[in-house]
Amino acid sequence: MIELRGLCKTFPGERGPFIALDHVDITVNDGDIYGVIGMSGAGKSTLVRCINLLERPSEGKVLIDGADMTALSPKELREKRRSISMIFQQFNLLMQRTCLKNICFPMEIAGVPREKAKKRALELLELVGLPDKADAYPAQLSGGQKQRIAIARALASDPKVLLCDEATSALDPTTTRSILRLIRDINQRLGITVIIITHEMAVVEEICSHVAILDHGKVMETGSVEEVFSNPKTEAGRRLVYPDGVIPEQLQTARVVRIAFNGGTAYHPLIASLAIDCGVKVNILGADTKNINGQAFGTMLIGLPENDAEAAKAVAYIKSQPNVTMEEVHDYHG
């Protein structure tokens, strides 16, 4: 288990101290894939660097399996860090070394015999799906292949925790999905706890079980991805979960309702079903919905017919649907 308790980090600045982290409290259970998301400048990278003490917190504690990282001696800290690996946006591979030797590098530092390190590195190349790239150099690889080699290198020390700092930000969407599938597979097969630092909601949707929303160094809300996506409780959460939730000004209607999808298997047929089953047509004014593990989450704004009887029929139908809640939006002007 990883516990961040009252974590603060302050940097000196020309205009006085800059608070990068402000009393952060986060708990990550063993085996979780935990996302930390926020806009640029939210403090995400500082947070991840504090976990392995590449940055030493100004205040607070970093507890890993009950051991306070901030209280360890230099020797104890070096030993503990071997159980925490990290992958980065820019891969950080050694360009003059082959892929095999890149993966062997952390084992060389740890004093692992050469043949044993080579055998392990070949196993890891197989694990990340690049068994034919042992003798290739990083310059010969695509971005996705470089990240796979970086992941293999990170696994060479048999870590318990894998920290991913914007690890897919430099990759195209298709490659990103393949890397996330690999990380999920590693998490499931090896039982490694994963913490993903990202500014992309799509990454959290794809892979994370739990999420913390960070804004200006503070944790604004935490919970399961389903909880946070279905009902973000803070303005920072709503900005991230529904970035396109602003309704265009040109759309106007007399009566508006907001529908929230809370985990049903499908939300698209609802509007069509209204027309088919009730003979009622409505206007979709805006929507921001997500598909998480086959379940629908998010909200939709619809304009009801001006005819009171038709509107009442639509409201009754919507309220009868499972995993859907509805509220009227008063004083809506479009």
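Going by the structure above, here's the rest.
Rules and cut-offs
Residues numbered from 1 in each chain as written. Predicted model: local features only at pLDDT ≥ 70, side-chain atom pairs only at ≥ 80, totals over all residues. Heavy atoms only, no water. Helix = DSSP H or I, 4+ residues; strand = E, 2+ residues; numbered from the N terminus. Pairing = 2+ DSSP bridges. Axes fitted to C-alpha atoms, helices over the stretch in contact; angles between N-to-C directions. Contact = heavy atoms within 4.5 Å. Buried < 20%, exposed > 50% of the residue type's maximum accessible area, 1.4 Å probe, protein only.

## Regarding unusual backbone geometry
With phi around 50 degrees, Asp158 is a residue other than glycine that occupies positive phi space. The residue His216 is not glycine, and still its phi comes out positive at about 50 degrees. Secondary-structure assignment places His216 in the loop between β9 (210-215) and β10 (218-224).

## Remarks on the sheet that holds strand β6 (residues 84-88)
Read across the open sheet, the six strands follow the order β6-β7-β8-β3-β9-β10; overall the sheet is mixed. On the outer flanks of this sheet lie β6 and β10, each paired with one strand and no other. Across the sheet, the axes of successive neighbouring strands diverge by a mean angle of 15 degrees, strand direction being ignored. Strands β6 and β7 (161-165) of the sheet are contacted by helix α5 (residues 143-155), whose axis makes an angle of about 170 degrees with β6.

## What to know about the pairing of β6
Of all five residues in β6, four are buried; the element is thus mostly enclosed. As paired elements, β6 and β7 share five bridges and run parallel to each other. When the sheet's bridge partners are listed, Ile84 is paired in β7 with Val161.

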